[in-house]
Amino acid sequence: MISNDMAWYMIIVSAVLINNIVLIRFLALCSFFGVSNKLETSIGMGMAVIFVMAIASSASWILWTYLLLPFKLEFLRTAAFILVIAALVQLIEMYLRKAMPALYQAMGIYLPLITTNCAVLAVAILIIDYNLGFLNSLIYTIAVAVGYTLAIILFAGIRERINIAPIPEFLKGYPIIFITASLMSMAFLGFSHLFGL
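Below: a short report on this structure. As the structure is a prediction and not an experimental result, all values here were calculated from the model.

Cut-offs used in this document
- Residues numbered from 1 in each chain as written.
- Predicted model: local features only at pLDDT ≥ 70, side-chain atom pairs only at ≥ 80, totals over all residues.
- Heavy atoms only, no water.
- Core = buried A, V, L, I, M, F, W, Y, C linked by side-chain atoms within 4.5 Å.
- Buried < 20%, exposed > 50% of the residue type's maximum accessible area, 1.4 Å probe, protein only.
- Helix = DSSP H or I, 4+ residues; strand = E, 2+ residues; numbered from the N terminus.
- Contact = heavy atoms within 4.5 Å.
- Polar contact = N/O pair within 3.5 Å; in protein donor to acceptor, adjacent residues only side chain to side chain.
- Disulfide = S-S within 2.5 Å.
- Salt bridge = Lys/Arg side-chain N within 4 Å of Asp/Glu carboxyl O.
- Phe/Tyr/Trp six-rings, centres within 6.5 Å; stacked < 30°, edge-to-face > 60°.
- Lys NZ or Arg CZ within 6 Å of the ring centre and 35° of its normal.
- Expected span 1.5 Å × (residues − 1).

Considerations on the nonpolar core
In globular proteins that are soluble, nonpolar side chains generally tend to be buried together.
Then comes step 1: Ranked by size, the top nonpolar core spans 64 residues in total, and within it F32, F81, I114 and Y140 carry the most contacts.
Then comes step 2: Breaking this core down by element, the ones donating at least two residues are α1 (8–18), α2 (29–35), α3 (39–68), α4 (77–99), α5 (101–107), α6 (118–129), α7 (134–164) and α8 (174–189).
Then comes step 3: The greatest single-element share of this core, amounting to 10 residues, is contributed by α3.
Then comes step 4: In contact with Y140, not counting residues within four places along its chain, are I2, I11, A15, R25, V123, L126, I127, Y130 and L132.

So, the side chain of S57
Then comes step 1: Mapped onto the fold, S57 is located in helix α3.
Then comes step 2: The exposure class of S57 is buried, given its relative accessible area of 1%.
Then comes step 3: A distance of 3.4 Å separates a polar atom in the side chain of S57 from a polar atom in the side chain of T141.
Then comes step 4: In contact with S57, other than residues within four places in its own chain, are V123, A124, I127 and T141.

Topic: unusual backbone geometry
Then comes step 1: Although it is not a glycine, A28 adopts a positive phi angle of roughly 65°.
Then comes step 2: By secondary structure assignment, the location of A28 is in the loop between α1 and α2.
Then comes step 3: Backbone geometry places N131, a non-glycine residue, at a positive phi of 55°.
Then comes step 4: Looking at where N131 falls in the secondary structure, it is placed in the loop between α6 and α7.
Then comes step 5: Judged by its relative accessible area of 60%, N131 falls in the exposed class.

Details of the state of the cysteines
Every disulfide links exactly two cysteines, by a covalent bond between their sulfur atoms.
Then comes step 1: Counted according to the given criterion, the structure contains 0 disulfides.
Then comes step 2: Of all cysteine sulfurs in the structure, the one in C118 sits closest to C30, which takes part in no disulfide; the separation is 6.2 Å.
Then comes step 3: Under the relative-accessibility criterion, C30 is labelled partly exposed at 42%.

Digging into the side chain of S60
Then comes step 1: The residue S60 is located in helix α3 in this model.
Then comes step 2: Looking at S60, the relative accessible area reads 0%, which means it is buried.
Then comes step 3: Engagement of the side chain of S60 in a polar contact is seen with the backbone oxygen of A56, the distance being 2.7 Å.
Then comes step 4: Ignoring sequence-local partners within four residues, the contact set of S60 consists of F81, V84 and A124.

A look at the pattern of salt bridges
Then comes step 1: Taken as a whole and judged by the stated rule, the model has 3 salt bridges.
Then comes step 2: In this structure, R97 engages E93 in a salt bridge whose closest nitrogen and oxygen atoms are separated by 3.7 Å. Of this pair, R97 and E93 both sit in helix α4, 4 residues apart, which is roughly one turn of that helix.
Then comes step 3: Judged by relative accessible area, R97 falls into the partly exposed class, the value being 44%.

Overview of the packing of aromatic side chains
Then comes step 1: Enumeration according to the criterion identifies 10 aromatic pairs in this entry.
Then comes step 2: Centre to centre, the rings of W8 and Y9 are 6.0 Å apart; their planes meet at 90°, and the pair counts as edge-to-face.
Then comes step 3: Given a relative accessible area of 55%, W8 falls into the exposed group.
Then comes step 4: Pairwise contacts between aromatic rings join F32, F33, F155, Y174 and F178 into one cluster.
Then comes step 5: In this arrangement the basic side chain of R77 is found over the ring face of W64, its NZ or CZ atom lying 5.8 Å from the centre.

As for α8
Then comes step 1: Between its first and last C-alpha, α8 extends 23 Å over 16 residues, near the 22 Å set by a 1.5 Å rise per residue.
Then comes step 2: Within the sequence span of α8, burial applies to I176, I177, T180, A181, M184, S185 and F188.
Then comes step 3: Here the buried face of α8 lies against α1, α2 and α7.

Limitation: the analysis is restricted to geometry and does not speak to function.
As structure tokens, then:
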């Protein structure tokens, strides 16, 4: 649980390691498994998620604080946040198509899936539920996105090694990938007692 009175370094450690959005909370698994077959694609996806998550959460916090809450429109929270996220992803997709066509092609279907990436929406909702101020919300959001990026890059590096490793035929493909992801998740559980969080 994150609170507004936590120190910024505790928020970062909690979001990146202790409550990693992918390996502990099990959100954003579609892109985690889908894009992590190459290291450079994973890095690109991680950077896109950091950017989208930071902008989307900031915009969602402002929308919640200055529009939805004062006008008693709290029931529109999820719909409003999804619209903000979808608009931002469309802008990023157009930019990548023009500026970085190789990265755009490498991401394929997973770039538009950032719109439906449950981690982006979850963070926008969590910063409201945790009642964080704007600065702590931004710190938490960036830390969650960095945690996602760390997880997907580590997993991509391991998958590249697995592809050249001599493993039994019955474990090749998704079986070894799921086993590896579960071992990574258990490894991240080791961080659960840092700072008593």
